[in-house]
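Results of the structural survey
As a plain string of letters, each chain reads:
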Amino acid sequence: MPDSLNVKRLEQAVKNVYRDVAESPNEEYHFEMGRELAEQLGYPPRDLDRIPARALESFAGVGYHFGLAELQEGDHVLDLGSGSGTDVFVAALHVGDSGSVTGLDMTDQQLAKARQLRDEAGMDNVSFEKGYIEDVPFDDGAFDVVISNGVINLSADKQRVFEEANRVLAAGGRLAISDIISETQMPESIKNNEDLWAACIGGAEQTDRYTTLIETAGFELGDVRDNTKYEFISEQAANACQKYGVKSISLDARKSHRREA
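Residues numbered from 1 in each chain as written. Predicted model: local features only at pLDDT ≥ 70, side-chain atom pairs only at ≥ 80, totals over all residues. Heavy atoms only, no water.

1. A closer look at the pattern of salt bridges
All chains considered together, the criterion is met by 13 salt bridges. Taking the shortest distance from any N to any O, the salt bridge between E57 and K113 comes out at 3.0 Å. Taken as a pair, E57 in helix α4 (residues 53-57) and K113 in helix α7 (residues 108-121) lie far apart in primary sequence, 56 residues in all. You can call E57 partly exposed: its relative accessible area is 33%. R118 is the salt-bridge partner of D119, the closest N and O atoms lying 3.0 Å from each other. One network of salt bridges, in which partners are shared, links D140, R160, E164 and R167. (Salt bridge = Lys/Arg side-chain N within 4 Å of Asp/Glu carboxyl O. Helix = DSSP H or I, 4+ residues; strand = E, 2+ residues; numbered from the N terminus. Buried < 20%, exposed > 50% of the residue type's maximum accessible area, 1.4 Å probe, protein only.)

Printed below as a string of structure tokens:
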């Protein structure tokens, strides 16, 4: 993270963008959104047919990681940065009534929309809580699986995010995420651009640094896959991606018994 980055201004910029994503999903953004994107990334139409359509209209994920998550009936799942709830609702289909899915988000408008859709759908095994992914408001070992989609890159303290994910996972718990990373180091002019940070580009960490953060937090890394079907759509974002190798990946990891010093 650049020393000159104003974290409070960054947080507000991210909130502003994802407030608009919740309330005005048909506006133009740096990234694609909606059901067409979800199907393009690999979400099975049969799952999308069973979740609230208004959650899908605000879907701004960057990959499909449920194949890596291997959700089981009865699992307790946490979604970091749950937005309007698409991944929470999809996960709920897989864990059943004996499981639960909790979405954590910092944006009031996203939470309000997700809670309304949950209530309308009568999904009793789903909850949405307000909080920050760097300071997860749940007990140690409370979850079997932690998922996240296109959100961790938005954090200025990714090491803390992975440490918190590890903390709230039970022994042997699983991490399955999709996120934006870069192949080369980006200049401060991009990393200090709040608009590009909120668009999931400015905060993209280099691939090797990103995976090292995960392992240092106490995870054993599994598969890492490129999401070749994902691309940014604005000219400014596309140029940054082409120049610095910004791209989407999905990966899984398992909580290990030891943490690196």
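That shown, we press on.
2. Concerning the nonpolar core
Membership of the largest hydrophobic core comes to 58 residues, with the highest contact counts inside it found for F31, I201, F232 and V246. Those residues within four positions of F31 in sequence are excluded, and the remaining contacts are V17, Y18, V21, A60, A198, A199, Y230, F232 and I233. Of all hydrophobic cores here, the second largest spans 26 residues; its members include L78, L104, I177 and I181. (Core = buried A, V, L, I, M, F, W, Y, C linked by side-chain atoms within 4.5 Å. Contact = heavy atoms within 4.5 Å.)

3. Points about the pairing of strand β1 (residues 76-80)
Where a strand is regular, its side chains alternate between the two sheet faces. Counting buried positions over the 5 residues of β1 gives 4, a clear majority of the element. Pairing between β1 and strand β2 (residues 100-105): 5 bridges, direction parallel. Among the inter-strand pairings, D79 is bridged to a residue of β2, identified as G103. Each parallel crossover has a hand, and for β1 linked through helix α6 (residues 86-95) to β2 it is right-handed. Alignment of β1 against strand β4 (residues 143-149), held across 4 bridges, turns out to be parallel. The residue of β4 that forms the bridge with L80 is S148. (Pairing = 2+ DSSP bridges. Right-handed = clockwise from strand over helix to strand, strands pointing away.)

4. Topic: unusual backbone geometry
A positive phi is found at E70, a non-glycine position, where the angle reads about 50°. By the secondary structure assignment, E70 is in the loop between α5 (66-69) and β1.

5. Examining the packing of helix α8 (residues 158-168) against helix α11 (residues 207-216)
Remark: α8 packs on α11, axes separated minimally by 8 Å, with the N-to-C direction vectors making an angle of 40°. Taken together, α8 and α11 sit at an angle that is classed as oblique. Two packed elements cross with a definite hand, and for α8 against α11 that hand is right-handed. Between α8, through K158, Q159 and F162, and α11, the contact on the second element is made entirely by Y210, L213, I214 and T216. (Axes fitted to C-alpha atoms, helices over the stretch in contact; angles between N-to-C directions. Parallel < 35°, antiparallel > 145°, perpendicular 65-115°, else oblique. Left-handed = near helix turned anticlockwise from the far one by under 90°.)

6. A word on the environment of D226
For D226, the location among the structural elements is in strand β7 (residues 219-226). D226 sits in the partly exposed class, given a relative accessible area of 45%. Separated by 23 residues in the primary sequence, D226 and I249 place their C-alpha atoms 4.4 Å from one another. Only 3.2 Å separates the side chain of D226 from the side chain of K247, close enough to count as a polar contact. (Polar contact = N/O pair within 3.5 Å; in protein donor to acceptor, adjacent residues only side chain to side chain.)

7. Section: α11
Of the residues making up α11, those classed as buried are Y210, T211, L213 and I214. Within α11, the buried residues cover an arc of 150° as seen down the axis, which keeps them to one side. Looking one or two residues past α11, G218 carries a phi angle of roughly 110°, positive in sign. (Arc of directions from axis to C-beta.)

Just geometry here; none of it tells us what the structure is for.
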